[in-house]
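One letter stands for each residue in the lines below.
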Amino acid sequence: MLKFTHTDLVLMLIALGIVLILSRFISEFGKKFKMPIVLGEILLGILIGPSVFGRLSPHLLAAIFPRIGAERIALDGITSLAVIMLLFVAGLEVQLNVVLKQGKAAIYTSFMSMLFPFSIGVGTVLLFPHLFNYNASNRMVYALFFGTAMAISALPVIARILIDLNMFKTKVGMVIMAAAIFDDLTGWLIFSLILSLIGHDGEITSLSYTIGMIIGFGLFMLLIGRRIIDKALPWIQTKLSWPGGVLSLSLGFCFLGAAFTEKIGLHAILGAFIMGIAIGDSVHLHEKAREIIHQFVTNIFAPLFFVSLGLKVDFINNFDPMLVTVVLLIAVFCKLIGATLGAYMGGLSKRESIAIGFGLNARGAMEIILGTLALEAGLIDEKMFVALVVMALVTSIISGPMMKYFIKER
Amino acid sequence: MDLSKLKRRPSFPIETIAVALAFSPRLDGILAEAKRIKLQLNSALILIHVGEKTAEKEEILDSGLQKAGLVPSDCRIIWMDGDPVETILNVCKLNIVDLLILGALQKEKLLKFYTGSVARSISRKAKTSVLLITEPKVEPCKIKKIVVNGIDNPKTLHTIATSLYLARLLEVKDITIVNEVYNPAMAMTIAENSTAPEANKLKRDIAEEQVSRLHPIIEQSQEQYPEIAIKEKVVNGKPGYAISNYAKSKNADLLVVNSTDVHLNLFDRIFTHDMEYVLQDLPCNLLIVHSRI
């Protein structure tokens, strides 16, 4: 039986320490050049993983970050926990009333920025299968995944760009935020459906069962669970230790939700995401508590997760220029055209609409999480994963300057 | 009736008020409130009841009018059959009503809230300003504190102006304009990429930006209404809930908000719209100003 030894513990603690310290320094350095924090974390993974450090000192890499054994299992457990918490905090910011409140412009933009890239993504896989590498029996599921990967947005990156451009509270800013929230929500629901369809052993499970369970769980949490949480939060925040009470109970509910959806055959991320929506929607969740949950997850678990990607995958060997170009072009143009058209149909000016298109183009961490889960589920190969990561990073970097150009410069 | 008069009609002066009547124990209180408002605003008064006109109801209404000190020449009584919400709204439209007064429970039961009571359904659909009175009183009870929303919306200017017009006529000396600051995804953004001073500065800048937007409006209003102390307050939290909570904590007598920009439906009760937070649990009397802009 595999045992977690004293040496495993020491090595794991060294690995965690190295990852947290170095990722912080690299990210802070990147911040000076307005780079998204996730870029620094991915770069660190590439530097200390098989892509760079592994080529220079494969034995040392295997000693600190082994690919098999008890330490590997423990580290994988931590990254699984991290992805669940990342989806939980993503859910905290999904507020559908923000979408509804922005009216026609947000609704058109949301639908078009989701529908257009999704349809083109699905269509590309079905019409040009030779461009992709997938299991023939999974063709439709793969196509759905690719469509979702093209459609998703990254709320934190987008919010940061809007703040930097002083556009957070403007009409354009609010439309972008609303559409990003909608894209996140629908994207993750579709992706949960895809993961659930693949099943735990790689076998396709019943579509009607999966859809029924997602709708059932979603409705329960939205109509009943949300109300219970809303009633419980004031008590939690006033009667229990602050902020420990709200932090531990929120994450406790997140894990229970994740465990429940995993148990009933849906993916754990869905439970965490919907639990995040239910908790984040409460008017009783103090802004400070929200910040603390975000700080805890974003600064401890997010680096562990994003750095681990570079440790698992050889980014140099799996870099396929053709695939990267195809993915990048489809992602950028579909999102740009879909969102721009939607905003224009919603009544915004041509220039504002293009700015919205570029704003929503940022994929950031959400795309990378999506790719990682698909890779772990065996749906995509490492080449497609690398292409998605590159696309996520490039779109996050170009979004801000392009928005600035269309909004401010002209 | 010339319905073109309704188009772009300002929310004040309030020339015609209507009161939707139900034969409940609160009838006397509502009639007394209606009479006081009519006198203070110097408006015409229409009483509307949707339901069968019976001798018994007429008798109760006559007695209520007498108790309130209203004589038949003071008001016009309209008896109609049909769906209460649609009928009342239609009467208001045809009679170019500027303010519709309704009695409303402070809080509805959960199922009733989702299915919609008459008062709340009218509040969601009305194309005229609506005043919901939570505790109609027979004895006069002076309005002392008014809380007005100051959110970033073109309607806010009209809402503030209407509140000041009412405050002058109702002799209210204390008005607070509340600016709700709510930034979705701000916590996430700060957590990801800000040092503590940066985060504080960011929050401060956004709050200051919101407040500075209101300054010229308040200064101008203060010149126009020197007898009223106009204060401003910034509250953090979800719009609708934050102002409602503030009005409750300050024991306000009247909360004044903009009418919504969209038609509210069940969806807005599930994914709670700002207005639905207020309607869910009325903190005090509520005036929804419909500015027809």
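This part covers the interface of chain A and chain B. Each side of the interface is counted separately: chain A has 28 residues, and chain B has 26 residues. Elements with a minimum of two residues in the side of chain A that touches chain B: α6 (96–101), α9 (155–164) and α14 (287–312) of chain A. Among the elements that make up the side of chain A that touches chain B, the one with the highest residue count is α14(A) (7 residues). Looking at the side of chain A that touches chain B residue by residue, the class counts come to 13 nonpolar, 7 polar and 8 charged.

A common way to express how large an interface is: the accessible area buried when the components associate. Residues and elements named next belong to chain A. Domain annotation of chain A identifies domain 1 (6–77) and domain 2 (78–409). Distance from the C-alpha centre of domain 1 to the C-alpha centre of domain 2: 25 Å. Listed as interface residues are 23 residues of domain 1 and, on the opposing side, 25 residues of domain 2. Those elements that place two or more of their residues in the side of domain 1 that touches domain 2 are α1 (6–32), α2 (37–48) and α5 (70–92). Sort the elements by how many residues they give to the side of domain 1 that touches domain 2 and α2 lands first, with 8 residues. Taken together, the residues that form the side of domain 1 that touches domain 2 break down as 15 nonpolar, 5 polar and 3 charged.

Right, let's get into the nonpolar core. Formed by 152 residues in total, the largest nonpolar core has its most connected members in Leu86(A) and Ile158(A). In terms of residue count, helix α10 (residues 171–198) of chain A provides more of this core than any other element does, 18 residues in total. Mapping this core onto the domain boundaries places at least three of its residues in each of domain 1 (6–77) and domain 2 (78–409) of chain A. Non-local contacts of Ile158(A), meaning those with residues more than four positions away in its chain, are made with Ser153(A), Ile176(A), Met177(A), Ala180(A), Gly359(A), Leu360(A) and Ala362(A). Formed by 73 residues, the second largest nonpolar core is a distinct cluster that contains Val85(B), Leu89(B), Ile133(B) and Leu279(B).

It is worth spelling out the packing of α1(A) against α2(A) at this point. All names here are of chain A. Interhelical geometry of α1 versus α2 gives an angle of 135 degrees and a closest axis separation of 8 Å. By the angle between their axes, α1 is oblique relative to α2. Judged by the sense of rotation from one axis to the other, the crossing of α1 with α2 is right-handed. Contact residues: Leu22, Ser23, Ile26, Ser27, Phe29, Gly30 and Lys31 in α1; Ile37, Leu39, Gly40, Glu41, Leu43 and Leu44 in α2. Among the residues forming the contact of α1 with α2, the class breakdown is 7 nonpolar, 4 polar and 2 charged.

Its 26 residues give α14(A) an end-to-end C-alpha distance of 36 Å, which sits within 8% of 38 Å, the value for a rise of 1.5 Å per residue. At Ala302(A), α14(A) shows its largest kink, close to 40 degrees, and the proline Pro303(A) lies no more than four residues downstream.

Turning next to the domain arrangement of chain B. All names here are of chain B. You can read the domains of chain B as domain 1 (1–140) and domain 2 (142–281). Put simply, the middle of domain 1 and the middle of domain 2, counted by C-alpha atoms, are 27 Å apart. Contact residues are listed per partner, giving 13 residues for domain 1 and 12 residues for domain 2. Elements with a contribution of two residues or more to the side of domain 1 that touches domain 2: α1 (27–41), α4 (110–115) and α5 (118–125). Among the elements that line the side of domain 1 that touches domain 2, the one with the most residues is α5, at 3 residues. For the side of domain 1 that touches domain 2, the residue count by class is 6 nonpolar, 4 polar and 3 charged.

Below, the discussion takes up the pairing of strand β10 (residues 285–289) of chain B. Residue and element names in this part refer to chain B. For β10, the tally of buried residues reaches 5 of 5 residues, placing the bulk of the element in the interior. Neither face of β10 is exposed, since Asn285, Leu287 and Val289 on one face and Leu286 and Ile288 on the opposite face are all buried. Two elements, strand β5 (residues 129–133) and β10, share 3 bridges in a ladder whose sense is antiparallel. Bridged to Leu131 within β10 is Leu287. Of the pairings in the sheet, the one linking strand β9 (residues 254–258) to β10 comprises 5 bridges and is parallel in character. When the sheet's bridge partners are listed, Val257 is paired in β10 with Ile288.

Geometrically, a packed helix pair is captured by the angle between its two axes and the distance between the axes. All names here are of chain A. Helix α11 (residues 207–239) packs onto α10 with a crossing angle of 140 degrees between their chain directions and a minimal axis gap of 10 Å. If you check the angle between α10 and α11, you find them oblique. Once α10 is placed against α11, the crossing between them reads as right-handed. Residues Leu189, Ser192, Leu193, Ser196 and Leu197 of α10 form the contact with α11, whose own contacting residues are Leu207, Thr210, Ile211 and Ile214. Residue classes in the contact of α10 with α11 are distributed as 6 nonpolar, 3 polar and no charged.

Let's shift gears to the environment of Leu43(A). Take Leu43(A): it is sitting in helix α2. C-alpha separation for the pair Leu43(A) and Ser23(A), spaced 20 residues apart in sequence, amounts to 8.8 Å.

Residues and elements named next belong to chain B. Pairing in this open sheet of 10 strands is mixed, and the strands run β3-β2-β1-β4-β5-β10-β9-β6-β7-β8 from one edge to the other. Lying at the two open borders of the sheet, with one neighbouring strand each, are β3 (75–80) and β8 (229–236). Across the sheet, the mean angle separating the axes of adjacent strands is 20 degrees when strand polarity is ignored. α1 rests against β1 (16–20), β2 (44–50), β4 (99–103) and β5 of the sheet, and its axis sits at about 175 degrees to β1. The strands that helix α9 (residues 241–249) touches are β6 (145–149), β7 (174–181), β8 and β9; relative to β8, the one it contacts most, it runs at about 125 degrees.

Okay, α9(A) next. Residues and elements named next belong to chain A. Of all 10 residues in α9, 9 are buried, a share of seventy percent or more. Along α9, the residues classified as buried are Leu155, Pro156, Val157, Ile158, Ala159, Arg160, Ile161, Leu162 and Ile163. Looking one or two residues beyond α9, the residue adopting positive phi is Asn166, at roughly 60 degrees.

What counts, and at which threshold
- Sequence positions are assigned chain by chain, starting from 1 and proceeding in written order.
- All chains are assigned letters beginning at A, and all ligands numbers beginning at 1, according to the order in which they are written.
- Local features in this predicted model are restricted to residues whose pLDDT is 70 or higher, and side-chain atom pairs enter the listing and the counts only when it is 80 or higher, whereas totals over whole chains, interfaces and linings include all residues.
- This entry defines residue contacts through backbone-placed C-beta atoms, with two residues in contact when those atoms are within 7 Å.
- The helix and strand labels rest on DSSP assignments: H or I over at least four residues marks a helix, E over at least two residues marks a strand, and numbering proceeds from the N terminus.
- Each residue receives one of three labels: charged for Asp, Glu, Lys and Arg, nonpolar for Ala, Val, Leu, Ile, Met, Phe, Trp, Tyr, Cys and Pro, and polar for the others, Gly being one of them.
- Segment limits for the domains were obtained from an automatic or database-derived domain assignment.
- Buried Ala, Val, Leu, Ile, Met, Phe, Trp, Tyr and Cys residues form a nonpolar core when they are connected through C-beta atoms within 7 Å.
- Exposure classes come from backbone-placed C-beta atoms, where a residue is buried if 20 or more other C-beta atoms lie within 10 Å of its own, exposed if 12 or fewer do, and partly exposed in between.
- A fitted line through C-alpha atoms represents every axis, and for helices the fit uses only the stretch in contact; the resulting angles, taken between N-to-C directions, go from 0 to 180 degrees.
- Working definition: roughly parallel below 35 degrees, roughly antiparallel above 145 degrees, roughly perpendicular at 65 to 115 degrees, and oblique for all remaining angles.
- Handedness of a crossing follows from how the near helix is turned relative to the far one, being left-handed for an anticlockwise turn of less than a right angle and right-handed for a clockwise one.
- Take the number of residues in a helix, subtract one, and multiply by 1.5 Å to get its expected span.
- In this scheme, the bend at a residue equals the angle between the axes fitted to the seven residues that finish there and the seven that begin there.
- A pair of strands is treated as paired once DSSP finds two or more bridges between them.

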